[in-house]
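Given next are the chains, with one letter for each unit.
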Amino acid sequence: MTIAFHFLFPPISIGLAWLLTIVEWRAWRRNDAVADAAGRFFGRILGLTFAVGVATGIPMEFQFGMNWSRYSKFVGDIFGAPLAAEGVFAFFLESGFLGLYLFGRHRVSKKWHWFAILMVAIGSTISAFWILAANSWMQTPAGYIIKDGHAVLTSMREAIFNASMWPRFFHTMDAALIAGAFFMAGISAAVLLKDRSNAVGQKCLKLAIVYGLIVSLLEVFPFGHIHAQQVARTQPAKFAAIEGLYTSRDAAPLVIFAIPFTRPPELKAKMEVPGLLSWMAFGDGKARIKGANEFPADQLPPLWLTFVSFHNMVVLGFYFILVTAYGTWRLKKATLFEGTRFLKLLVWSIPLPLMACQLGWMAAEVGRQPWAVYGVLRTADAFSTNLTAPMLWFSIILFALIYLLLGSLYVFLLVKKVQHGPDLIAEADEFALPAPMGEELVTA
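Within every chain, residues take consecutive numbers counted from 1 along the sequence as written. Residues qualify for local features only when their pLDDT is at least 70, as the model is predicted, and side-chain atom pairs are given and counted only at 80 or more; totals for whole chains, interfaces and linings, by contrast, use all residues. Computation of side-chain values covers all heavy atoms of the structure but excludes hydrogens and water.

Asker: Sorry, what's going on with the overall build of the chain here?
Answerer: When you go through the chain residue by residue, the secondary structure sums to 14 helices and 8 strands. In terms of C-alpha radius of gyration, the chain reaches 24 Å, essentially the compact-globule figure of 22 Å for 444 residues. Structurally, the chain occupies a C-alpha span of about 75 × 50 × 40 Å along its principal axes. Every one of the 444 residues in the chain was classed for burial, and the buried ones make up 50%. The contact rule is simple, with two residues in contact once any of their heavy atoms fall within 4.5 Å. Taking all contacts inside the chain whose residues are at least 6 apart in sequence as the whole, residues at least 24 apart take part in 77%. Surface accessibility in these figures is a Shrake-Rupley result with a 1.4 Å probe; residues are shielded only by whichever protein chains are displayed. Carbon and sulfur atoms form 69% of the exposed surface of the chain, whose accessible area is close to 21,200 Å². As used throughout, the charge tally considers Lys and Arg to be positive and Asp and Glu to be negative, leaving His and the chain termini uncounted. Charge coordinates come from a single atom per side chain, which is NZ of Lys, CZ of Arg, CG of Asp or CD of Glu. The centroid of the 36 positive side-chain charges in the chain is displaced by 6 Å from the centroid of its 28 negative side-chain charges. Each helix corresponds to a stretch of at least 4 residues labelled H or I by DSSP, and each strand to a stretch of at least 2 residues labelled E; elements are numbered beginning at the N terminus. Each radius of gyration is computed over the set of C-alpha atoms, and the globule rule expresses the reference value as 2.2 Å times the number of residues to the power 0.38. Three exposure classes are used, based on accessible area relative to the maximum for each residue type with a 1.4 Å probe and protein chains only: buried under 20%, partly exposed in between, and exposed over 50%.

Asker: Sorry if this is basic, but what is going on with the packing of helix α4 (residues 69-103) against helix α5 (residues 110-139) here?
Answerer: The interhelical angle for the contact between α4 and α5, taken along N-to-C directions, is 170°, at an axis separation of 7 Å. One element, α4, and the other, α5, form an angle in the roughly antiparallel class. The residue inventory of the contact of α4 with α5, partitioned by class, reads 25 nonpolar, 5 polar and 2 charged. In this analysis an axis means a line fitted to C-alpha atoms, helices contributing only their contacting stretch, and an angle means the value between N-to-C directions, from 0 to 180 degrees. Oblique is the label for any angle not under 35 degrees, not over 145, and not in the 65 to 115 range, which are roughly parallel, roughly antiparallel and roughly perpendicular in turn. All amino acids are sorted into three groups, where Ala, Val, Leu, Ile, Met, Phe, Trp, Tyr, Cys and Pro are nonpolar, Asp, Glu, Lys and Arg are charged, and the leftover types, Gly among them, are polar.

Asker: Sorry, what's going on with the layout of surface pockets here?
Answerer: A cavity, in this analysis, means grid points on a 1 Å lattice covering only the protein atoms where a 1.4 Å probe fits yet has no way out; a pocket is instead an open set bounded by protein on both sides within 12 Å along at least five of seven lines, and a residue lines either one if it has an atom within 4 Å of a point. Grid points are joined across faces, edges and corners, and a volume is the space filled by probe spheres set on the points. Of the voids in this model, the second largest pocket is the one considered here, and its volume is about 590 Å³. As for the second largest pocket, its lining consists of 22 residues, of which Ile350, Pro351, Val411, Leu414 and Val415 are closest to the centre. If you list the elements that add at least two residues to the lining of the second largest pocket, you get α7 (165-194), α12 (341-348) and α14 (389-420). Here the lining of the second largest pocket gets 7 residues from one element, more than from any other, and that element is α14. When its residues are assigned to classes, the lining of the second largest pocket shows 18 nonpolar, 3 polar and 1 charged.

Asker: What is the right way to look at empty space enclosed by the protein in this model?
Answerer: A water-sized probe, rolled over the atoms, reveals where empty space remains. Inspection of every chain in the model, using the stated rule, returns 3 cavities of 30 Å³ or more. By volume, the largest cavity amounts to about 60 Å³. If you go around the largest cavity, the residues you meet are Ile78, Phe79, Pro82, Ala133, Ala134, Trp137, Met156, Ala159 and Ile160. Put simply, the parts of the chain that give the lining of the largest cavity at least two residues each are α4, α5 and α6 (156-160). Across the lining of the largest cavity, the residue classes tally to 9 nonpolar, no polar and no charged.

Asker: Can you help me understand the pattern of salt bridges in this one?
Answerer: Between side chains of opposite charge, pairing is possible as soon as their charged atoms come close. A side-chain nitrogen of Lys or Arg and a carboxyl oxygen of Asp or Glu constitute a salt bridge if their distance falls within 4 Å. Taken as a whole and judged by the stated rule, the model has 8 salt bridges. Ionic pairing is found between glutamate 24 and arginine 105, a salt bridge with its closest N-O pair at 2.6 Å. In this pair, glutamate 24 sits in helix α2 (residues 10-29) while arginine 105 sits in the loop between α4 and α5, placing the two residues 81 residues apart along the sequence. A single burial state applies to glutamate 24 and to arginine 105, both of which are buried. Across the salt bridge formed by lysine 203 and aspartate 32, the nearest N and O atoms sit 3.1 Å from each other. Separated by 171 residues along the polypeptide, lysine 203 in helix α8 (residues 199-234) and aspartate 32 in the loop between α2 and α3 (33-66) bring together distant segments of the chain. Note on lysine 203: relative accessible area 25%, which makes it partly exposed. Salt bridges sharing common partners tie together Glu24, Asp36, Arg40 and Arg105.

Asker: Please explain the packing of α8 against helix α9 (residues 236-243) as it appears in this structure.
Answerer: Axes are the key here: two packed helices are described by the angle between their axes and the distance separating the axes. Following both chains from N to C, one finds α8 and α9 inclined at 125°, their axes separated by 5 Å at the closest point. Between α8 and α9, the angle falls in the class oblique. On α9, the residues that touch Ala228, Val231, Ala232 and Thr234 of α8 are Pro236, Lys238 and Phe239. A class-by-class count of the residues in the contact of α8 with α9 yields 5 nonpolar, 1 polar and 1 charged.

Asker: When you look at the nonpolar core in this model, what are you seeing that I'm missing?
Answerer: For soluble globular proteins, the rule of thumb is that nonpolar side chains tend to be buried together. Counting 80 residues, the largest nonpolar core has Phe42, Phe183, Met184, Ile187 and Leu205 as the members making the most contacts within it. It is α7 that provides the largest number of residues to this core, a total of 12 residues. Sequence-distant contacts of phenylalanine 42, that is, excluding residues within four places in its chain, are made with Leu16, Leu20, Met184, Ile187, Ser188 and Cys204. Only buried residues count toward a nonpolar core. Its members are Ala, Val, Leu, Ile, Met, Phe, Trp, Tyr and Cys residues joined through side-chain atoms within 4.5 Å. The next biggest cluster of nonpolar side chains, apart from the first, holds 15 residues, and it includes Val75, Leu83, Met138 and Ala159.

Asker: I'm lost on the packing of aromatic side chains in this one. Help?
Answerer: How two aromatic rings sit relative to each other is given by the distance of their centres and the angle of their planes. The rule is short: rings of Phe, Tyr and Trp, with Trp giving its six-membered ring, pair when the centres are within 6.5 Å, and they are stacked under 30 degrees, edge-to-face over 60, tilted in between. Throughout the structure, instances matching the rule amount to 27 aromatic pairs. Measuring from centroid to centroid gives 5.9 Å for phenylalanine 91 and phenylalanine 92, while their planes differ by 65°, and the two rings are edge-to-face. Look at phenylalanine 91 and you get partly exposed, because its relative accessible area is 28%. On the accessibility criterion, phenylalanine 92 (58% relative accessible area) is exposed. Relative to phenylalanine 320, the ring of tyrosine 319 has its centre 6.0 Å away and its plane inclined at 70°; by these criteria the two rings are edge-to-face. On the accessibility criterion, tyrosine 319 (24% relative accessible area) is partly exposed. In textbook terms, an aromatic cluster arises when at least three aromatic residues are bridged by ring pairs, as seen for Phe129, Trp130, Phe161, Trp166, Phe169, Phe170 and Phe223. Looking at lysine 268, its charged tip hangs above the ring of phenylalanine 261, at a distance of 4.8 Å from the centre. We call a charge positioned above a ring when the Lys NZ or Arg CZ atom is no farther than 6 Å from the ring centre and deviates by at most 35 degrees from the ring normal.

Asker: Please explain the side chain of serine 124 as it appears in this structure.
Answerer: Locating serine 124 in the fold gives a position in helix α5. Residue serine 124 is classed as buried on the basis of its relative accessible area of 3%. Look past the residues within four positions of serine 124 in its chain and what remains in contact with it is Ile14 and Glu94.

Set out below in structure tokens:
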């Protein structure tokens, strides 16, 4: 629950930061007043999102020791290194330059102000790299030996660059870029619904639509395709679960739609393409793929949830392509800002990439079960043994209430900023500090 709530904010921060590098580059290189106003407007939203993301991320660090003490003891020698690297090499870079970006506007040169948001984007990407490296090790562990009852690191390179690291990194990072694109597009659409002539809304919507189409296409191919191939080779039980392949098949079909049932495992009302799954997974339309029936029952993940989460993520992925492709077509026809239906659709689509991120994370983590570390440490052997059910219920309810309050506050402040809208007057930026009386602006 805590990770799911926290994971709403990093995709927005990462995606929005990279979009702002484009916006601020235009403000610097082209001396574009509209781009400068767009940077101030979305910069405030980035600052708000980053703050909530940090606040919701801190409890997870404590939960490693408090809720998962046996896991922490078993993998601490390995898992601690990427988490420490994330804090030292990424978080401080990201947060330090975010401060310069938010408070340094019109106090440092535009060149260095652009450099600040570039460092925020790079820092957030490096942060994602280390977190995903740690998570990927749990999926495809490498570079270790078991000694005295716990994992000991033997090769940092093999542990970090394990079999699933790069496929998971590019797939997840591109998902964050999609989230940023739809976030900017939806907010720009909301601004235009209020004022069709708003220059900031028009410029940012154009950017977000075209950018969103590119990253949405990349998410399906090559990144999604490569990641699925990696799962087929390294986690066959998970692959069988997400694809709904309950019996081993030659020329395995790709399921387009089905209603899954667990007892017994079967798909009803299914639509499938014969041989396509074998071809996509192994490049051979006749290749044999192991089904769930070839794995012990106690080593299979929950079949229904894994299948549903994965396929709904895929459906949303194609939805993003259709929406951005239609928006690009309207842009070419010079009708992007006309009418209200498409603009309203973009506003209501803001949470959908975040939903896709949650579904993808769910498919990856639920599909890893019953292992905390795939094939090495069972989840049943990883939790803290001194916890009681009342303790857990108390913390779950308390966290739920706190996150409900925090989430509501975030939405309230976000809506308030969007309703206020972008302002072309630089002095309207609440993050801009006034220069000392009688002195020139500080330049780098």
